[in-house]
Amino acid sequence: VWERESGTPVKTFFNPHPYGVHALDIAPKLQYLVTLAAPTPSSDPNASQPEMSREGKSIQKDGDGETSDYQSISVWDWPSDHDGPICTAAVGTNDVQTCVLFNAWDTHEIATNGKRRVFFWTWDVEQPFQFYSPALAPRDFKQRIGDYTQTIFLPDSTQAATGTLDGDVVIWDLSLIVDGLSRPDERRAVKIIKLCPDISLNVLQVHEKARVVIGTADGAVRFYDYQFRVQAWFEDLLAGSVKSISFERHGEEDFDPGISSVGVEDDFKCPNFLVSTGSALVVLVESKLFYELSPENRRGRLVLQGLDSPVHGLCCHPQLPLVAVCGYSGFLHMWNYNTRSLHLVKIFEKLVPHILQFSPDGKLLAVGFTNGHCKLLKSTDLSEVVSFRDSRDCVTHIAFSSDSSHLALAHADRSLCLYRYAHRPNDKNFPMEWMYSAKHKSHWRPIVGLCFAVPEPGKQQRLFSVGEDRRLVEYSVKSSEFGGLQVVSPDTVVEQEARPTGCMWYPYCGGKGDNQKVLTMNDEYKFKIWNTVNRSCRKTALAPTYGGPITRMTPVYTEADGEEQFMLYATHEKVLGLVQLPLDGNPNKCMGLIAHPGQIASISVDYQGQYAFTCGGSDLTVNQWLIDPQPVANASVMGGGGIEPFVKLLDGGEDGAFFCDMKDYFYYSQIRSQDENTTKARVLDGMIPVEEIPHLMCALGYFPTQLEITNMTNEVKYSKFAETSEYVDRIGFDDLVKLYVNHRPVFAVGPEQIKQAFDALKRHEPGPLSREAFLNLLTSHGEKTSLEELERCFEALVGDSAINRVLDEEVEAFDFAHNVLGLAEAEADESQEANVAAECSEWAGNTTLAFSTVAAQ
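Residues numbered from 1 in each chain as written. Predicted model: local features only at pLDDT ≥ 70, side-chain atom pairs only at ≥ 80, totals over all residues. Heavy atoms only, no water.

Asker: Can you help me understand the overall build of the protein chain in this one?
Answerer: In terms of regular secondary structure, the protein chain is built from 14 helices and 54 strands. Going through the 857 residues of the protein chain one by one, you find that 49% of them count as buried. Sequence-distant contacts, at least 24 apart, represent 51% of the contacts inside the protein chain between residues at least 6 apart. Accessible surface for the protein chain amounts to roughly 41,900 Å². Of this, 50% is attributable to carbon and sulfur atoms. (Helix = DSSP H or I, 4+ residues; strand = E, 2+ residues; numbered from the N terminus. Buried < 20%, exposed > 50% of the residue type's maximum accessible area, 1.4 Å probe, protein only. Contact = heavy atoms within 4.5 Å. Areas by Shrake-Rupley, 256 points an atom, 1.4 Å probe, with all protein chains shown as cover.)

Asker: Even after reading the chapter, I still don't get the sheet that holds strand E17 (residues 221–224), so can you show me in this structure?
Answerer: Pairing between sheet strands relies on hydrogen bonds along the backbone, with the strands arranged either parallel or antiparallel. A sheet is described by the order of its strands in space; here 4 strands give the open sequence E15-E16-E17-E18, paired in antiparallel fashion. Taken across any chain shown, the strands that pair with only one partner, and hence form the sheet edges, are strand E15 (201–207) and strand E18 (230–234). Ignoring which end each strand starts from, the neighbouring axes of this sheet average 20° apart. (Pairing = 2+ DSSP bridges. Axes fitted to C-alpha atoms, helices over the stretch in contact; angles between N-to-C directions.)

Asker: Explain the sheet that holds strand E44 (residues 566–571) to me, please; I cannot follow it from the model alone.
Answerer: Pairing in this open sheet of 4 strands is antiparallel, and the strands run E43-E44-E45-E46 from one edge to the other. Across the chains shown, the open sheet's two edge strands, defined by having one partner strand only, are strand E43 (550–555) and strand E46 (590–599). Across the sheet, the mean angle separating the axes of adjacent strands is 20° when strand polarity is ignored. With 6 bridges connecting them, strand E45 (residues 573–580) and E46 associate as antiparallel partners. Counterpart to Leu 576 in the pairing with E46 is Leu 593. Sheet contacts for helix H2 (residues 630–638): E44, E45 and E46; angle to E45, the most-contacted strand, approximately 65°.

Asker: What is the right way to look at a negative patch on the surface in this model?
Answerer: On the surface, Asp 808, Glu 810, Glu 812 and Asp 815 cluster together into a patch of negative charge. Mapped onto the secondary structure, Asp 808 falls in the loop between helix H12 (803–806) and strand E53 (810–811). (Patch = residues over 30% accessible without salt bridge, like charges linked within 9 Å, V, L, I, M, F, W, Y side chains within 5 Å. Salt bridge = Lys/Arg side-chain N within 4 Å of Asp/Glu carboxyl O. Lys, Arg positive; Asp, Glu negative; His and termini not counted. Charge placed at Lys NZ, Arg CZ, Asp CG, Glu CD.)

Asker: I'm lost on the pairing of strand E29 (residues 374–378) in this one. Help?
Answerer: On a regular strand, one side chain projects to one face of the sheet and the next to the other, so that they alternate. Of all the 5 residues making up E29, 4 are buried; the element is thus mostly covered by neighbouring parts of the structure. By the bridge criterion, 5 bridges tie strand E28 (residues 364–369) to E29 in an arrangement that is antiparallel. Counted as the bridge partner of Leu 365 is Leu 377 from E29. Of the pairings in the sheet, the one linking E29 to strand E30 (residues 384–388) comprises 4 bridges and is antiparallel in character. Residue pairing in the sheet places Cys 374 in a bridge with Phe 388 of E30.

Asker: Looking at this model, I keep getting lost on the packing of helix H4 (residues 657–673) against helix H8 (residues 733–743). Mind explaining?
Answerer: It is the contact of H4 with H8, at a shortest axis distance of 11 Å, that shows an interaxial angle of 125°. Judged on the interaxial angle alone, H8 and H4 are oblique. Of the two elements, H4 crosses H8, and the hand of that crossing is right-handed. Facing Phe 658, Phe 659, Met 662, Lys 663 and Phe 666 of H4, the residues of H8 in contact are Phe 733, Leu 736, Val 737 and Tyr 740. Split into classes, the residues belonging to the contact of H4 with H8 amount to 8 nonpolar, no polar and 1 charged. (Parallel < 35°, antiparallel > 145°, perpendicular 65-115°, else oblique. Left-handed = near helix turned anticlockwise from the far one by under 90°. Nonpolar A, V, L, I, M, F, W, Y, C, P; charged D, E, K, R; others polar.)

Asker: Can you help me understand the nonpolar core in this one?
Answerer: Across soluble globular proteins, you tend to see nonpolar side chains buried next to one another. One finds Leu 650, Met 662, Ile 693, Met 697, Val 737, Tyr 740 and Val 741 to be the most contacted residues of the largest nonpolar core, which totals 29 residues. Breaking this core down by element, the ones donating at least two residues are helix H3 (644–647), H4, helix H5 (693–699), helix H6 (706–717) and H8. Looking at which element gives the most residues to this core, the answer is H8, with 6 residues. Beyond its immediate chain neighbours, meaning those up to four positions away, Leu 650 contacts Phe 658, Phe 659, Met 662, Val 737, Tyr 740, Val 741 and Arg 744. Core analysis: the next-biggest nonpolar cluster, separate from the first, contains 20 residues, Leu 237, Val 242, Phe 268 and Val 275 among them. (Core = buried A, V, L, I, M, F, W, Y, C linked by side-chain atoms within 4.5 Å.)

Asker: Would you take a moment to explain H4 for this structure?
Answerer: Helical periodicity: at 3.6 residues per turn, an α-helix aligns residues three or four positions apart in one direction. Over its 17 residues, H4 runs 24 Å from end to end, which matches the ideal 24 Å to within 8%, given 1.5 Å per residue. Turning to H4, its buried residues are Phe 658, Phe 659, Met 662, Phe 666, Ser 669 and Gln 670. Down the axis of H4, the buried set is contained in an arc of 125°. They therefore lie on one face. Next to the buried residues of H4 lie H3, strand E50 (687–689), H5, strand E51 (730–732) and H8. Directly after H4, the chain includes Asp 675, whose backbone phi takes a positive value near 80°. (Expected span 1.5 Å × (residues − 1). Arc of directions from axis to C-beta.)

Asker: Whenever I open this one, the side chain of Gln 516 confuses me. Can you help?
Answerer: Of note, Gln 516 is situated in the loop between strand E39 (500–505) and strand E40 (517–522). There is a polar contact of 3.3 Å between the side chain of Gln 516 and the side chain of Arg 462. Sequence-distant contacts of Gln 516, defined by excluding residues within four places in its chain, comprise Val 454, Glu 456, Arg 462, Trp 505, Trp 530, Asn 531, Thr 532 and Val 533. (Polar contact = N/O pair within 3.5 Å; in protein donor to acceptor, adjacent residues only side chain to side chain.)

Asker: Explain the state of the cysteines to me, please; I cannot follow it from the model alone.
Answerer: Simply put, disulfide is the name for a covalent bond between the sulfur atoms of two cysteines. Tallied over the full model, the rule gives 0 disulfides. Looking at the unpaired Cys 315, the closest cysteine sulfur is the one in Cys 316, lying at 6.6 Å. (Disulfide = S-S within 2.5 Å.)

Asker: How do you make sense of the pattern of salt bridges when you look at a structure like this?
Answerer: Proximity of charged atoms lets side chains of opposite charge pair with each other. Counting across every chain of the model gives 26 salt bridges. Lys 288 is the partner of Glu 286 in a salt bridge, and the nearest nitrogen-oxygen pair spans 3.5 Å. A relative accessible area of 41% means that Lys 288 is categorised as partly exposed. Across the salt bridge formed by Arg 535 and Glu 474, the nearest N and O atoms sit 3.1 Å from each other. Of this pair, Arg 535 sits in the loop between strand E41 (526–531) and strand E42 (537–542) while Glu 474 sits in strand E37 (residues 471–476), placing them 61 residues apart in sequence. One exposure class covers both Arg 535 and Glu 474, and it is buried. Linked through salt bridges whose partners overlap, the residues forming this network are Asp 218, Arg 222 and Glu 235.

Asker: Mind showing me how you'd approach H2 here?
Answerer: Looking at H2, one finds that the buried residues are Pro 631, Val 632, Ala 633, Ala 635 and Ser 636. Packed against the buried residues of H2 are E44, E45 and E46. Positioned one or two residues after H2, Gly 640 has a phi angle of 100°, which is positive.

Asker: Teacher, can you tell me more about a nonpolar patch on the surface here?
Answerer: Together, Leu 274, Val 303 and Leu 304 make up a nonpolar patch on the protein surface, roughly 200 Å² of accessible area in all. Relative to the helices and strands, Val 303 resides in strand E22 (residues 301–305).

Asker: Looking at this structure, I do not really get the confidence of the model for the protein chain. What am I missing?
Answerer: In low-pLDDT segments, the atomic positions of the prediction should not be examined closely. Looking at the protein chain, pLDDT values average 85 and 88% of them are 70 or higher. Throughout residues 48–69 the model reports pLDDT below 50, and contacts reaching past four residues in sequence, or to other chains, amount to 56 contacts. This stretch, residues 826–857, has a pLDDT under 50; its non-local contacts, to residues over four places away or in other chains, come to 63 contacts. (pLDDT = per-residue confidence, 0-100.)

Structure below.
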């Protein structure tokens, strides 16, 4: 419940219904609320419909006596200290109720309706609901009855009225005629009025000055008396289907009929009102417009233009305070976010825009569509320059080269198309124009990231893509001019188990000659930085672990470097945040907040790094955020230096047994590297060779693959290369702690993960996996394991090296996890919950510091 003037909440009911609130109403005297529960999702296996008595008592109840697993109706005394409803009942029908309304003249009576049923409820404190639902069939009035929309009570009478999709109004009233189906004190249908034939009555209201107000699907607002005789009509608004009507609150002395003939009793007058429509428009209508003669003068004043369809495309201009937004209804809007005004509009007929991208020089705007089309528009007036269509599937990614001379598109069919701005055909006598260059399908799973390299002076353009097939592919842009998009061999395997979720050109330089890097993200909450010269992984860093894996990132500032640079990131759903560079896994250098209730379809940063913009896809919302990175920088400093932030992520922290074990293992590794079998005095320098890292990781419970060992070795090897041009072959304890925290899996491996691995081995075929096939896969695919190594593993795990005795003829996933690997379901669950709780607690305190919302009107 909100206080209207200040916009602050005064009362909150948490989880009032199991699946949310479908509709609500507040009583005229503001004491009571009535809510209709959202229906049980059809996908819920526990869904069941209760039986109802006539008194509204539910037969099926949960442990607290609250109704659950079906639609229910509840009345709340919100000003009181009582947190629960004072009256609740189940709605005993499969017809989902969509409208609820108090009787303004008797707040102990409530009406609800769905598409085919109308219910009248009576209630009282600490008393069960009483209800009845009058029957109405087409034969009763010898006409078809359309689906119901809304129900209202008519004042100074016992009547109620319900609108329909067919434009009829059903009048419910008490009747002395006995029909055997209802009692004398119950309403039943007494007549049907054809009000607006074949036009849906979307809104029905009773206003104290305007009598009955009806908003229709054809965009009209009409006023009737209580006998439904028309009094006034506003049919020239041309704003779309009416969805809501709201009146100004004025006293009697404020009404102005708007004409000179004062004193005429038949003059129509009512407060000014707002009309919101299905086209996402809000129109202010003054009552005096009724007397205007010209249709153009009767349209009202547009006060708000919203978004009328899912918004998936969003991009900020690189040089001006403009942001472009596109939606699935075909619109393309360009807004000036400083003045909050609509700058340019373009409507695409029979095309659905999905993604937007400005060229770096700001002259062009690329629009990708769901049918594979791509149009290049002039950013000054949105006029079309050229149109391409070299795939029939949706454009999912767009990337311009840094000099705006090349354009790359990734499509949902995994194809990548390249276009260039040049002379045709490489003859300078021809004018320069955009033309098709090449096309290639280098991935066998969807492309999730696409980026151009920022070339060094004199270097050629380079293009990179990463797909869910776990491969980072580089393309030769120069060779495409002579036919075909050539892949620079070999491609880079970036993951073995995780799925990449995106990639971008890494903006952090880090040293002389060390700026040719691509950043990839994956669904196991890791950042990986890849050197594009020798294809080695230079850094693996822990990403924020709340809100799901990161799918989108973009630099905040165009020129900043080092710790002054920040990255804006978004997860697939809900969370938007900031990360301070360089990426090193420090949890104090990042923050996040909930930006949307569901999917985050796109993010963008303005050219000054002052504002961030996000769009939520199906929530029809574009948010503008004010970026203040200083709290993140302060948190990084106050969180401690060195390994202090990383030690806090270990089980038990600095005083825990695990950290003590790490120290012991590190000291022993130093001794082992100097040969254990000696009596000479040892000189320990606090360093170990990089060859000891895999053994230490295994001792700590993290068992890296050969690729992960190579990545860790390369990370240490090249850690100082940018500053000293020399390799590093030894590592200290502090660096080892950081390496472990960044590389270890975020969540523990449990039986469910083993089952997923077995499903992959079987190619998701039903039934168990044969022992022969299992051994063949282990010994001949991927990082191969010899039979001798398997026997040693089984000896260590179960005390028996005989493979035929350890493994049955048919190997079942959970049996292998429990009886061979010794994994327990409960331990895995507890480990995951502990990890999630720990990660959330580290970042929870910063979520409101770095962003503040800016109202976008």
